[in-house]
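# A closer look at the structure
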Amino acid sequence: MKKVWVIIHSYIKRNRIMIINHPILGPRDSAEFTYIGDAALIDRPDWQAEDALAQFVDYGYLRDNPAGKHKELWFHEQGDRSFLVVTRDTTTHEISGVELARDVARKRGRRK
Amino acid sequence: MRYSGLRVIKEALTGHKGWKPAWREVAPKRAYDYVIIGGGGHGLATAYYLARNYGAKNIAVLEKGWVGGGNVGRNTTIIRSNYLLDGNEPFYEHSLKLWEGLEQDLNYNAMISQRGILNLVHSDAQRDAFTRRGNAMILNGADADLMTTEAIQTRYPFLNVNNARFPIKGGLAQHRGGTVRHDAVAWGYARAADSLGVDIIQNCEVTGFRIEAGKCLGVETNQGYIRANKVASCVAGSSSRLMSKADMRLPIESHVLQAFVSEGLKPILPGVITFGAGHFYCSQSDKGGLVFGGDLDGYNSYAQRGNLPVVEDVCEGAMAIFPMLGRVRLLRMWGGIMDMSMDGSPIIDRTHVESLYFNGGWCYGGFKATPASGWCYAHLLATDTPHEYAKEYRFDRFEKGRMIDEKGVGNNPQLH
């Protein structure tokens, strides 16, 4: 059994198939998810700020779009409908970290 | 050297000893009037029209790899001008008109074939939308033809018009659309630009911009510093990467789009067919291979390689309308990186840095736009005013709410 897993794992790694290791549900095919975009979308600007317009233009339209490590939001639409923050390398598609978006937001001081 | 039939005969009789390289190998000079970053179709077209239309001398095109090695060699070679919105249609129609005269203009055989493009209709609502689009095209001087199912069946008897989910109820055709040999576009523009004195410098990667007091003075490259009066970025696919060196964040995400070629077949498909509802479009190359593709993978990527779920999706789309393809084998597949902009339309504009210009955000419509993109970008570089056909392609349209969103899906780059 272990041997089979090693073979599958090496196949996945070689072909860079994107498996997202869901914190609650375990490894899931990325095809179950809908890609939302840069994880910076969690931090919605304050609409009452002095420069709210500039902040919302930035939030809505401008992206870092890095080549390399990218933190991004994936929505488990065909699963438990949780939002995840996935750290993925955009040059290799390798996934190096998965967290619940809720936990990430709470760590940044959000209540919900 | 001018290419012609007579020349071919002469060379054949003299042992093909007279052919010369299509463009010169040059080392970069220390300063240029114009430095164009990116030796793809758009960059080379820009250099060519800058030299031809505006008499500019002293132009360099810097290419980090080789000419024709980027997206101009990775697309599915389709040309068309079937857009709806005022900001887009005149631009793309101008592009199609330039395609029609391109081979004579460049003295280069780009195998331009106006075999027509057909967008399939599956419902009354879609027919209404396509009728509207066809009218918008005609108003802008393009051609459009709303075809009935019977007319489509006569032309393409192999189509499955009775698919249970997406029965074919007609289609919008543009008979002037078609396909082009994409490598030849890059080579043809490179050769024509070179003959007007443009320096094409391959293996020259821009590593940074030298910006002082808000003005771009030149570019740092792996072949040393190059001074320039004007610096023009033209690297769709890598725009964010390059412009981040000038501290710019763009309204762009980079996404991977896959394309496929089947084994060679006898001529079966006279034209381009798009089955948008099923995420599939297809044409047949002159070599016989079916050239086809579908949707984006849908996540940020610079890998030039996609994943298998999309391969399956595209092949399912193919089987839905071309059941006869069931036994055809896939020969090659690859991915290209798209500058997906926030409204699905491109940007040709100045930047906040003086004498630094930007051309990008072509989503997956960059190839057909090549001539007009070069034409309008050259106008912007030479005159510092936007060209009439590209005046809506501004950076500030997002802030001002003047988006050019053909599909109306908002700021979701992966959905355009």
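Structure first, text after, so check above.
Residue positions are counted from 1 within each chain, in the order its sequence is given. Working convention: letters from A go to chains and numbers from 1 go to ligands, in the order in which they are written. With the structure being a predicted model, the display of local features is reserved for residues of pLDDT at least 70 and the display and counting of side-chain atom pairs for 80 or more, all residues being used for whole-chain, interface and lining totals.

All names here are of chain B. Even without a glycine there, the phi angle at Asn 58 is positive, about 65°. Within the secondary structure, Asn 58 is located in the loop between helix 2 (41–54) and strand 2 (59–62). The backbone phi angle of Asn 203 is positive, close to 55°, even though this residue is not glycine. Secondary structure elements are taken from DSSP: a helix is a run of H or I of four residues or more, a strand is a run of E of two residues or more, and numbering for both begins at the N terminus. Its location among the elements puts Asn 203 in the loop between strand 8 (199–201) and strand 9 (206–212). We call a residue exposed when 12 or fewer other C-beta atoms sit within 10 Å of its C-beta, buried when the count reaches 20 or more, and partly exposed for counts in between; the C-beta positions come from the backbone. Residue classification places Asn 203 among the exposed residues on the basis of 12 C-beta atoms within 10 Å.

Take the buried Ala, Val, Leu, Ile, Met, Phe, Trp, Tyr and Cys residues, join any whose C-beta atoms are within 7 Å, and the set you get is a nonpolar core. Core analysis: the largest hydrophobic core is formed by 120 residues, its most contacted members being Val 35 and Ile 37 of chain B. In terms of residue count, the dominant contributor to this core is helix 6 (residues 182–195) of chain B (8 residues). Marked domain ranges trace back to an automatic or database domain assignment. Residue contributions to this core reach at least three from each of two domains, namely domain 1 (5–77 + 183–251 + 343–415) and domain 2 (112–178 + 253–341) of chain B. Each residue is represented by a C-beta atom placed from its backbone, and any two residues with such atoms within 7 Å are regarded as in contact. Setting aside residues no more than four positions away along its own chain, Val 35 of chain B makes contact with Ala 60, Leu 62, Val 219, Ile 226, Ala 228, Val 231 and Ala 232 of chain B. Judged by nonpolar contacts, the second largest core, of 8 residues, contains Ala 39, Leu 73, Trp 74 and Leu 84 of chain A.

Our next topic: the interface of chain A and chain B. Between chain A and chain B, the residue contacts involve 18 residues of the former and 22 residues of the latter. Counting only elements with at least two residues in the side of chain A that touches chain B, the list comes to helix 2 (52–61) and strand 4 (69–75) of chain A. Of the residues forming the side of chain A that touches chain B, the biggest block, 3 residues, is contributed by helix 2 of chain A. Polar here means any residue outside two lists: the nonpolar Ala, Val, Leu, Ile, Met, Phe, Trp, Tyr, Cys and Pro, and the charged Asp, Glu, Lys and Arg; Gly therefore counts as polar. For the side of chain A that touches chain B, the class distribution of residues is 8 nonpolar, 7 polar and 3 charged.

All names here are of chain B. With respect to the helices and strands, the residue Glu 25 is situated in the loop between helix 1 (5–13) and strand 1 (31–37). For Glu 25, a count of 9 C-beta atoms within 10 Å corresponds to the exposed category. A sequence separation of 354 residues divides Glu 25 from His 379, and the C-alpha atoms of the two residues are 27 Å apart.

These figures capture arrangement, not role.
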